[in-house]
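Observations on the three-dimensional arrangement
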Amino acid sequence: MTDPVVAVLGATGAVGNVVLNVLAERNFPCRELIPLASSRSAGKNISFGGREHIVREATPESFAGIDLVFSAVDSSVSRELVPHAVNAGAIVIDKTSAWRYEDDVPLVIPEVNPDDIDGHNGIISCPNCSTIQMVMALAPLEHVFGLERVIVSTYQSVSGAGAAAMQE
């Protein structure tokens, strides 16, 4: 897929903002960027790629003509809207917990298991942030030495609860 039309679902939220920043930092090639968010954010402007983009309301009809969607919304919103994106022909990289336990949805950390993307059915899921960091460190150890068991305690940051929680 060369120069896809890219949408960020949840573009005005905390995670969506980070997705946009990472895409910009990495000069991610896209023919067009479409920021999608709730009706509360529709009409706002966001900067990306040296241009201003008007945020559109995310609806089931929002995904026509979009090739790639980064989903950074609440899990319930992902469950509602992501199937519409897939039905419209988009590939969705979902950063929520909505699809992580579905048998036909690969759970991928690109630096660890990129081949698991093959054979997706339109949705590619991401593990939670603490899991990604841990697996990135453990994967080389597993490869060289093998692992029998890992016991983990995590203390999640408030950012996982979104922008409103961070403000509070």
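What counts as what
Within every chain, residues take consecutive numbers counted from 1 along the sequence as written. Reporting of local features is limited, given that this is a predicted model, to residues whose pLDDT is at least 70; pairs of side-chain atoms are given and counted only at 80 or more, and all residues count toward the totals for whole chains, interfaces and linings. Processing note: side-chain calculations cover all non-hydrogen atoms of the structure and skip hydrogens and water entirely. Strands here mean DSSP runs of E at least two residues long; helices mean DSSP runs of H or I at least four residues long; both are numbered from the N terminus. Take the residue count of a helix, subtract one, and multiply by 1.5 Å to get its expected span. To obtain the bend at a residue, axes are fitted to the seven residues ending there and to the seven starting there, and the angle between these axes is taken. The classification of residues rests on relative accessible area computed with a 1.4 Å probe and restricted to protein chains. Under 20% of the type maximum is buried, over 50% is exposed, and intermediate values are partly exposed. Working rule for contacts: check all heavy atoms of both residues, and any pair within 4.5 Å makes them a contact.

This brings us to helix H2 (residues 75-87). Taking 1.5 Å per residue as the helical rise, H2 with its 13 residues ought to reach 18 Å, and the 18 Å between its terminal C-alpha atoms agrees with that figure. Leu81 marks where H2 bends most, by close to 35°; the proline Pro83 follows one to four residues later. Taken together, the buried positions of H2 are occupied by Ser78, Leu81, Val82 and Ala85. Contact partners of the buried residues in H2: strand E1 (5-9), strand E6 (68-71), strand E7 (91-94) and strand E8 (123-125). Among the residues trailing H2, Gly89 stands out with phi positive, at a value near 105°.

Below, the discussion takes up the environment of Ile124. Its location among the elements puts Ile124 in strand E8. Expressed as a C-alpha distance, the spacing of Ile124 and Pro106, which sit 18 residues apart in the sequence, is 5.4 Å. Those residues in contact with Ile124 that sit more than four places away from it in its chain are Ile91, Val92, Ile93, Asp94, Val105, Pro106, Val108 and Ile117.

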